[in-house]
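Chains, contacts and geometry: an overview
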Protein chains: 2
Amino acid sequence: MNQGPSASPGVIDLLGLLAYAELGSFFRLAGDAVLAPSLRSKGQLAALAAAEQAHYQVLRDRLEELGVDPEAAMEPFVAPLDAWHERTAPQSWLESLVKTYVGDGIAGDFYRKVAALADEETRTLVEGVLAETGRAEFVSGTVRAAVEETPVLAGRLSLWARRLVGEALSQAQSVAVARPELAALLARDAGDGADSGGLGDLAAVSRMFASLTDRHAARLEAMGLTA
Amino acid sequence: MNQGPSASPGVIDLLGLLAYAELGSFFRLAGDAVLAPSLRSKGQLAALAAAEQAHYQVLRDRLEELGVDPEAAMEPFVAPLDAWHERTAPQSWLESLVKTYVGDGIAGDFYRKVAALADEETRTLVEGVLAETGRAEFVSGTVRAAVEETPVLAGRLSLWARRLVGEALSQAQSVAVARPELAALLARDAGDGADSGGLGDLAAVSRMFASLTDRHAARLEAMGLTA
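Read on for a plain summary of the structure. Since the structure is predicted, the reported quantities are computational estimates derived from the model, not experimental observations.

**Structural notes on the interface of chain A and chain B**
Taken together, the 22 residues of chain A in the interface contact 22 residues of chain B. The junction of chain A with chain B conceals about 1,700 Å² of combined surface from both sides, 76% of it contributed by carbon and sulfur atoms. On the chain A side of the contact with chain B, Phe-27, Leu-39 and Arg-40 of chain A bury the most area, a combined 33% of that side's loss. For the interface between chain A and chain B, the tally reads 0 salt bridges. Counting every contact that joins chain A to chain B gives 0 residue pairs in polar contact (both at pLDDT 80 or more).

Put into structure tokens, the structure is as follows:
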């Protein structure tokens, strides 16, 4: 296996970020299940959480295979991801569902974009980890049904979705500042190769996030919410 | 498949109890990981939690296969198991490890004893679910190392282990009162067939719990604690 190019600092950052994000999703889903209204939905959330743990394991194993200390690779992303979760603590079962759907959706689009710029092995791995686990339908269907039953929820949950995105963008910017190699990897995508490095890369991160909004709007619509 | 005898009320109680216990263990392990001192041990706990979720799924599937509503089968055990967890909320990472080891150990011995009295298919299923997941060594080794480093912990954690057992016995008694079919299944083991039913069964449950103490003592020793 050709490990040299795979282990570029940007790719290690990507794998470390994604691994900690999956571990965080696992804990969040497991914790949110306390808010779940029935034994059955608690069980469904537990299954979703276990799927995240399996993803975490794949990414952690890959980092080890690359000769990288997995915890060291995750460490730089602990603070920004924890901060995002702290600032977006759901106050209800529905808020936690919207957070799962919106957060995972944006994060998934983001990881796929970064992975497309990495080596093939990393790309295949990341796409496998991000493959649908059936969660999206479960979550969007549940939210849509609740909004149809109680239309007043639409406005409140739409605002909540907007806040989730705003906080995510803010954390992404701070990650881009702290991890220049990752930002440089992103900048390649935005076609900013020429002025790459420093402020050019930061602007590229913003542009990339902006480009994610189409799919975000589609997700809101699937839940019966508006942008 | 011969489903008739497998679906006796005592067996359904056993599967429902075990399924909810596994779901509870999943949530507890995931929640306790907040106390875990490092990213690495958080990841290890997440893996243990995911293994519990897989067990829960096997038991839930089996209940469905038997034509039983899995949530209805679990329901009677929600209050006693939740009460046990509430009364034994760990105040530290080490307490949570001791709880995992002692609680799972006693519960495992208990389920194995009941399963030995059920039909073969149930027995095989329960034994598969209870098979070692590598957790015991991880947990007992971690506690033993901590006690060796800080001997004063031994007394405190030994007391904690005693309380865990006392609370478990108390909840088991209340389950035995509420679920006579399950108690009758247990009474068969204690050779109380003659005076089975009512108080005879309740006494049998106590005797069965008492018979579990040998293995409990061995587990305490493995952690460097005393009975």
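Alright, that's what it looks like, and here's the rest.
**Here we look at the side chain of His-85 of chain B**
All names here are of chain B. Along the chain, His-85 falls in helix 3 (residues 70-87). Residue His-85 is classed as buried on the basis of its relative accessible area, which comes to 12%. One polar contact links His-85 to Lys-99, side chain to side chain, over a distance of 3.1 Å. When neighbours within four sequence positions are excluded, His-85 is seen to be in contact with Arg-28 and Lys-99.

**Overview of helix 10 (residues 213-222) of chain A**
All names here are of chain A. Along helix 10, the positions that sit buried rather than exposed are His-216, Arg-219 and Leu-220. Projected down its long axis, helix 10 shows its buried positions confined to an angular sector of 100 degrees, all on one face. Opposite the buried face of helix 10, at more than 90 degrees from it, the exposed residues are Asp-214 and Glu-221. Those residues of helix 10 hidden inside the fold are in contact with helix 4 (93-115) and helix 7 (153-178). Where helix 10 terminates, the next one or two residues include Gly-224, which has phi positive at roughly 80 degrees.

**Regarding the packing of aromatic side chains**
A full pass over the atoms with the stated rule returns 3 aromatic pairs over all chains. Judged by centre distance (6.0 Å) and plane angle (85 degrees), the ring pair of Phe-26 of chain A and Phe-26 of chain B falls under edge-to-face. Here the residue Phe-26 of chain A occupies a position in helix 1 (residues 9-32), and Phe-26 of chain B occupies one in helix 1 (residues 9-32), the pair thus bridging two chains. Between the aromatic rings of Phe-26 of chain B and Phe-27 of chain B, the centroid separation amounts to 5.0 Å while the plane-to-plane angle is 75 degrees, which identifies the pairing as edge-to-face. Relative accessible area serves as the criterion here: at 0%, Phe-26 of chain B is assigned to the buried category. A network of ring pairs unites the aromatic residues Phe-26 and Phe-27 of chain A together with Phe-26 and Phe-27 of chain B as a single cluster. Lys-99 of chain A extends its terminal NZ or CZ atom over the ring of Trp-84 of chain A, reaching a point 4.9 Å from the ring centre.

Calculation notes
Residues numbered from 1 in each chain as written. Chains lettered and ligands numbered in written order. Predicted model: local features only at pLDDT ≥ 70, side-chain atom pairs only at ≥ 80, totals over all residues. Heavy atoms only, no water. Contact = heavy atoms within 4.5 Å. Buried area = accessible area lost by both parts, 1.4 Å probe. Salt bridge = Lys/Arg side-chain N within 4 Å of Asp/Glu carboxyl O. Polar contact = N/O pair within 3.5 Å; in protein donor to acceptor, adjacent residues only side chain to side chain. Helix = DSSP H or I, 4+ residues; strand = E, 2+ residues; numbered from the N terminus. Buried < 20%, exposed > 50% of the residue type's maximum accessible area, 1.4 Å probe, protein only. Arc of directions from axis to C-beta. Phe/Tyr/Trp six-rings, centres within 6.5 Å; stacked < 30°, edge-to-face > 60°. Lys NZ or Arg CZ within 6 Å of the ring centre and 35° of its normal.

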